[in-house]
Amino acid sequence: MTRIRTTGTVACAVLLAAAALAGCNRESNGAGGGKVGIDMPRTDTDFWNSYQQYLEKGIDDGTVDALPLSNSQNDIAKLVANVQALTDQGAKAIVMAPQDTGAISSTLDQLKEKKIPVVSVDTRPDAGEVYMVVRADNRAYGTKACEYLGKQLGGKGRVAELQGDLSSINGRDRSEAFASCMKEKFPGITVHELPTDWKGDVASAKLQSLLAQHKDVDGIYMQAGGAFLQPTLALLEQKKRLKPAGSNGHITIISNDGIPEELDAIRSGKIDATLSQPADLYAKYALEYAKAALDGKKLKPGKTGHGSEIVKIKNGLEDQLPAPLVTKENVDDKTLWANQLEKK
């Protein structure tokens, strides 16, 4: 999500990065446990609130011995300070989701010096060693969204793309893959790229301007439903452009995240599809990899036992978790994390 540009000094990130799942967790250096420090990147979106619920469940179930969660609120300086506080409190491994993937490198270097391994969730740091990145294939998000919209629109039309922050790897991956797919497979579709910095109010303002200029917008790709869903639907309703799926004038909408509100919007015909970013698996494997790091397990690239693949990246390993397409046909599938989430 939002990348806050702040240069800062340091306090976070990893060690041993050279081997990963596929049943190769045999070697141990006897690290032998310890407390895990966990920083939440933000708690102002439904996706990250859901991720936190799953983290807390895993902690309660005893997956790791965790310190109280900190929250860096989209601020790299806060993340640096929080990591320092967590290590001061005795954290022997860190779980983080750095929104500024460039500015976190010095913190990761410091953590490596302290032999404190790091698991990075949702984002891949540009530099600095990590034990594991737990992340979905974000290029697949852009490609799948393109293919869905292209087919639904019959290869013709005008699409608004509500992009994330292009200085973040997630925003870049989704945007580049979407653009490449549209150019190659659906050249008859005009795409309007609207950078939003992952901010709902920015997305709404830019979409409003676009709708005023082009009455024939008939598709929208939202790169983050947790941030964009409500402001987008509110705007379309205000402009009397929120027509049920299947009716004349309906704008085909595909999103990313898979939060309960998106699934409800699919059921009611307000949007058509989403790609379910696995908040449950992010939490589950973040904790499991933190435990593996503390236990001194050496992991390596390869297929995993949970339907993903661990790949080698320049600064460690990345477990690329699956993100299924959700439409009206499978929106009630009980295996989707948003259908398992306890209502609060």
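Residues numbered from 1 in each chain as written. Predicted model: local features only at pLDDT ≥ 70, side-chain atom pairs only at ≥ 80, totals over all residues. Heavy atoms only, no water.

Take the overall build of the chain next. In terms of regular secondary structure, the chain is built from 9 helices and 15 strands. Put simply, the chain has 344 residues, and 56% of those count as buried. Looking at the chain alone, contacts between residues at least 24 apart form 76% of all its contacts between residues at least 6 apart. Looking at the chain as shown, the accessible area adds up to about 13,800 Å², and 48% of this sits on carbon and sulfur atoms. (Helix = DSSP H or I, 4+ residues; strand = E, 2+ residues; numbered from the N terminus. Buried < 20%, exposed > 50% of the residue type's maximum accessible area, 1.4 Å probe, protein only. Contact = heavy atoms within 4.5 Å. Areas by Shrake-Rupley, 256 points an atom, 1.4 Å probe, with all protein chains shown as cover.)

By definition, a disulfide links the sulfur atoms of two cysteine residues through a covalent bond. Inspection of the entire model under this criterion finds 1 disulfide. A disulfide bridge connects Cys146 with Cys181, and the sulfur atoms are separated by 2.1 Å. When the S-S torsion is -75°, as for the bridge of Cys146 with Cys181, the disulfide is left-handed. With Cys146 in helix α4 (residues 138–152) and Cys181 in helix α5 (residues 169–185), this residue pair connects regions lying 35 residues apart in the sequence. (Disulfide = S-S within 2.5 Å.)

For the chain, mean pLDDT is 89; residues scoring 70 or higher make up 90% of the total. The model gives residues 1–31 a pLDDT under 50, and that stretch makes 140 contacts with residues more than four places away or in other chains. (pLDDT = per-residue confidence, 0-100.)

A word on the sheet that holds strand β11 (residues 273–276). With mixed pairing, 6 strands are arranged side by side in an open sheet as β8-β7-β9-β10-β11-β15. Of all strands in the sheet, those bounded by a partner on one side alone are β8 (189–195) and β15 (325–326). With 4 bridges joining them, strand β9 (residues 219–222) and strand β10 (residues 252–257) adopt parallel strand pairing. From the neighbouring strand, Ile220 faces β10, where its bridge partner is Ile253. Packed onto the sheet, helix α6 (residues 200–213) meets β7 (157–163), β8 and β9 and runs at close to 145° relative to β8. (Pairing = 2+ DSSP bridges. Axes fitted to C-alpha atoms, helices over the stretch in contact; angles between N-to-C directions.)

Moving on, we come to the environment of Ser268. Relative to the helices and strands, Ser268 resides in the loop between α8 (260–267) and β11. Here Ala265 takes part through its backbone oxygen, which lies 3.2 Å from a polar atom of the side chain of Ser268. (Polar contact = N/O pair within 3.5 Å; in protein donor to acceptor, adjacent residues only side chain to side chain.)

Let us look at the packing of aromatic side chains. As enumerated under the stated definition, the model contains 7 aromatic pairs in all. Consider the rings of Phe47 and Tyr282, whose centres lie 6.0 Å apart with planes at 85°: the pair is edge-to-face. Here Phe47, found in helix α1 (residues 46–60), pairs with Tyr282, found in helix α9 (residues 279–294); they are 235 residues apart in sequence, far enough to count as distant. Under the relative-accessibility criterion, Phe47 is labelled buried at 1%. Residue classification places Tyr282 among the buried residues on the basis of a relative accessible area of 0%. (Phe/Tyr/Trp six-rings, centres within 6.5 Å; stacked < 30°, edge-to-face > 60°.)

Mapping Ser204 onto the fold places it in helix α6. For Ser204, the contacting residues outside a window of four places in its chain are Pro231 and Leu235.

Bringing the pairing of strand β13 (residues 309–313) into the picture now. Bridge count for strand β12 (residues 302–303) against β13 is 2 bridges, and the pairing is antiparallel. Each bridged residue has a counterpart across the sheet, and for Lys303 the counterpart in β13 is Glu309. Counting the residues in the hairpin turn of β13 and strand β14 (residues 316–321) gives 2 residues.

This paragraph deals with the pattern of salt bridges. Opposite charge on two side chains lets them pair, provided their charged atoms get close. Taken as a whole, this structure holds 17 salt bridges when the rule is applied. Between Arg135 and Asp173 there is a salt bridge whose closest N-O contact spans 2.7 Å. With Arg135 in strand β6 (residues 132–136) and Asp173 in helix α5, the pair connects residues that are 38 residues apart, well separated along the chain. Asp173 matches Arg135 in its accessibility class, with the two residues each being buried. For Asp332, the salt bridge is made with Arg267, and the minimal N-O distance between the two is 2.7 Å. With a gap of 65 residues between them, Asp332 in the segment after β15 and Arg267 in helix α8 connect regions that are remote in the sequence. Among the residues examined, Arg267 registers a relative accessible area of 30% and is labelled partly exposed. Each of Arg124, Arg135, Asp173 and Glu318 takes part in one network of salt bridges that share partners. (Salt bridge = Lys/Arg side-chain N within 4 Å of Asp/Glu carboxyl O.)

Judged by nonpolar contacts, the single largest core of 82 residues is most densely connected at Tyr51, Val95, Val119, Ile220, Tyr282 and Tyr289. Per element, the largest residue contribution to this core is 11 residues, and it comes from α9. (Core = buried A, V, L, I, M, F, W, Y, C linked by side-chain atoms within 4.5 Å.)

Helix length check: α1, at 15 residues, gives a terminal C-alpha distance of 21 Å against a target of 21 Å (1.5 Å per residue), a fit within 8%. Along α1, the residues that are buried comprise Phe47, Trp48, Ser50, Tyr51, Gln52, Tyr54, Leu55 and Gly58. For α1, the elements touching its buried residues are β1 (35–40), β4 (91–96), β5 (118–121), β10 and α9. Downstream of α1 by a residue or two, Gly62 has a phi angle that is positive, lying close to 90°. (Expected span 1.5 Å × (residues − 1).)

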